[in-house]
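Reading the structure
What follows is the residue order along each chain.
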Amino acid sequence: MSIAAKITIFIREKYHGFISFLVLFLIWSGVCHYKLISPDFLPTPATVGTAFVKVVSSGILGKSLGGSLIRIAEGFMIGTTLGFLLGAVMGVSRTLERLFAPLINALRQVPIIGWIPLIIIWCGIAETSKVTFIAIGAFFPILINTFEGIRSVSHSYVEVAQVFEYSRVKLLRKIVIPGALPSIVSGIRLSMGTSWLLVVWAEINTRSAYGIGDLLSSSREEHNPGLIIVCILVIGFVAFLINELFGHLEARLNTWKKSYR
Amino acid sequence: MERLGTLEVKNLNKKYRSQNDDLLVLDDINLTVQPGEFISIIGSSGCGKTTFLRLVVGLEKGYEGEILLDGQRLNGPSLKRGVVFQDHRLLPWLSIEKNVGMGLKNPKSGESRKTIQEHLELVGLKGFEKHYPHQLSGGMSQRAAIARALVNRPEILLLDEPLGALDALTRMYMHQELERIWMKEDITMIMITHDVDEAIVLSDKIVVMSSRPGTIKKIIPVPLARPRDRAGYDFANIKEEVLAEFQLHTDHPFTYSI
Ligand SMILES: Nc1ncnc2c1ncn2[C@@H]1O[C@H](COP(=O)(O)OP(=O)(O)OP(=O)(O)O)[C@@H](O)[C@H]1O
Ligand SMILES: [Mg+2]
């Protein structure tokens with residue numbers, strides 16, 4: 001299938017979603033056109049467009065996005081790797097589950113913002129603290145999903161493996177992990193979504209050189225409502241892309257799982 | 001030299017623990033299966049047939065009595081004892097050919113591919129290599145499970161109602177195939193079934209079980225020449241004998257299912 005054809009299908013399938021964007025845009029244009037709200041409060045589409053072009057052509061948007069994405073990559077990698085490993089060993093071993101589950105269940109009740117004072121004491125307010133913050137946020141969803149995914153693998157399949165004399169490692173590789181994979185991937189998707197949320201939050205609250213949250217903060221300080229809207233749209237769009245990407249991956253892995261719809 | 005693969009079950013009792021009291025599922029089962037024999041087990045639902053099979057496979061622990069293979073106590077499941085489970089248990093995330101190759105040491109080798117292909121053809125699933133279990137019908141899944149169990153050439157093949165979901169004609173075709181495989185591979189087969197005709201067509205001996213608790217009521221030998229004639233006089237006599245155990249009588253050779 002050609003790329004153009006794929007895009008056409010994508011638009012056709014998602015066009016209900018585009019309608020809501022279009023309607024919102026028309027209302028916005030109308031409100032601005034008839035000056036129902038002062039442009040100090042609500043910038044016009046033209047102002048936003050100009051701000052967007054400016055911030056793209058100066059390269060600031062690129063650098064800001066790049067800064068945020070690197071932070072995410074680091075925090076997300078650390079958080080998901082640790083979360084996956086702990087979730088996996090807890091899923092496989094009842095003893096380790098008994099050992100860690102109470103602690104994990106207690107810690108994950110702490111709202112992520114509750115960690116901030118401790119992170120600041122330990123890591124300061126520079127890069128390390130932001131990465132740590134994201135890592136903690138990414139850690140729990142993948143941990144829970146990996147654990148639950150492993151435990152949802154039917155014992156029937158384990159018996160099949162026993163009859164074929166699978167070793168413990170082969171049992172994990174061929175039965176447990178593939179069976180848990182759909183759940184693990186939705187854990188990754190949740191972790192990724194959380195990471196994106198947290199990076200923006202961290203950048204707004206403790207400034208760094210480049211980041212999409214920093215751009216948002218400075219546009220407020222410079223009283224540039226056009227740029228604020230640009231930042232909000234970009235943040236939303238990236239979140240949308242992340243969701244779409246992992247959603248597709250999940251759907252592909254889930255072909256063998258027949259759900260009720 | 002004496003052939004290997006003699007299965008001896010002596011004074012076997014199996015209890016399942018429920019909330020407050022123990023449920024006796026199998027009561028004093030005694031059975032000897034010679035290498036190369038075809039045994040059918042027939043009995044009403046819930047009488048403990050699957051439990052017996054699981055014990056012989058080695059999946060069920062905690063029993064009284066002895067289960068001996070060539071005089072040795074069983075020690076867990078083994079590649080030498082293949083199983084076709086009552087629910088086919090194909091892995092839903094693997095294609096049919098990968099499912100069938102599950103028990104092979106090196107499923108990607110040329111030789112393994114050939115074996116997988118042969119067994120898929122054997123059960124009539126050629127062309128469905130790349131399909132996934134949810135794309136197959138119940139009967140096709142059962143046939144794939146049979147292929148998977150056969151691929152390793154087990155000494156004993158245990159089948160739990162393997163043809164239950166098949167239509168009458170495919171079932172007859174599978175009877176021929178099972179008999180052919182059984183003769184060619186010279187393996188012991190123990191099959192649970194509800195189909196009296198099926199049991200008579202295939203078995204050397206039919207084990208009739210009664211329930212609550214599960215006991216062996218009678219072992220009926222089937223000394224007929226193969227391939228067996230379903231319409232024959234001797235066939236009808238044996239059928240009468242089996243059905244009598246269930247207080248059923250027949251004077252016309254139709255299929256009866258227990
Ligand atoms: N894991 C278990 N725990 C407790 N009771 C069990 C368990 N498995 C089976 N039973 C009980 O043991 C009895 C025999 O079950 P089994 O599955 O062996 O029957 P079956 O003869 O194979 O029946 P069917 O023809 O319906 O498959 C039943 O009463 C069942 O409730
Ligand atoms: Mg059963």
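Residues numbered from 1 in each chain as written. Chains lettered and ligands numbered in written order. Predicted model: local features only at pLDDT ≥ 70, side-chain atom pairs only at ≥ 80, totals over all residues. Heavy atoms only, no water.

1. Quick notes on the site of ligand 1
Residues and elements named next belong to chain B. Residues in contact with ligand 1, as listed here, are Tyr16, Val25, Ser45, Gly46, Cys47, Gly48, Lys49, Thr50, Thr51, Gln86, Glu161 and His194. Ser45 is positioned with one of its side-chain polar atoms (N or O) 2.6 Å from an oxygen atom of ligand 1. At 3.3 Å from an oxygen atom of ligand 1 is found a side-chain nitrogen or oxygen belonging to His194. Burial of ligand 1 by the protein amounts to 64% of the accessible area it has alone, namely 640 Å². Here the shell around ligand 1 takes three residues from helix H1 (residues 49–57), the largest share from any one element. (Near = heavy atom within 4 Å. Polar contact = N/O pair within 3.5 Å; in protein donor to acceptor, adjacent residues only side chain to side chain. Areas by Shrake-Rupley, 256 points an atom, 1.4 Å probe, with all protein chains shown as cover. Helix = DSSP H or I, 4+ residues; strand = E, 2+ residues; numbered from the N terminus.)

2. Focus: the pattern of salt bridges
Residues and elements named next belong to chain B. Going through the model one piece at a time under the given rule, you end up with 23 salt bridges over all chains. Between Glu37 and Lys205 there is a salt bridge, with the nearest N and O atoms lying 3.4 Å from each other. Taken as a pair, Glu37 in the loop between strand E2 (22–33) and strand E3 (38–43) and Lys205 in strand E9 (residues 205–210) lie far apart in primary sequence, 168 residues in all. The exposure class of Glu37 is buried, given its relative accessible area of 11%. Residues Glu245 and Lys218 are paired through a salt bridge, measuring 3.5 Å at the closest nitrogen-oxygen approach. You can see Glu245 sitting in the segment after helix H7 (233–244) and its partner Lys218 sitting in strand E10 (residues 215–221), a full 27 residues away along the chain. (Salt bridge = Lys/Arg side-chain N within 4 Å of Asp/Glu carboxyl O. Buried < 20%, exposed > 50% of the residue type's maximum accessible area, 1.4 Å probe, protein only.)

3. Regarding the sheet that holds strand E4 (residues 64–69) of chain B
Residue and element names in this part refer to chain B. Pairing in this open sheet of four strands is antiparallel, and the strands run E2-E1-E4-E5 from one edge to the other. Whereas interior strands pair on both sides, the edge strands pair on one side only; in this sheet they are E2 and strand E5 (72–73). Pairing of strand E1 (residues 7–17) with E2, which is carried by eight bridges, proceeds in the antiparallel orientation. Its bridge partner lying in E2, Tyr16 is registered against Leu23. (Pairing = 2+ DSSP bridges.)

4. Overview of the interface of chain A and chain B
At the junction of the two partners, chain A supplies 17 residues and chain B supplies 21 residues. For the pair chain A and chain B, the summed buried surface comes to about 1,800 Å²; carbon and sulfur atoms form 67% of the total. Among the residues of chain A in contact with chain B, A:Val163, A:Phe164 and A:Trp256 are the three that bury the most area, contributing 35% of the side total. Linking chain A with chain B are two salt bridges. A salt bridge links B:Arg54 to A:Glu159, with the nearest nitrogen and oxygen atoms 2.7 Å apart. For the interface between chain A and chain B, the tally reads six residue pairs in polar contact (both at pLDDT 80 or more). Of all the secondary-structure elements, those providing two or more residues to the side of chain A that touches chain B are helix H7 (155–163) and helix H8 (168–205) of chain A. (Contact = heavy atoms within 4.5 Å. Buried area = accessible area lost by both parts, 1.4 Å probe.)

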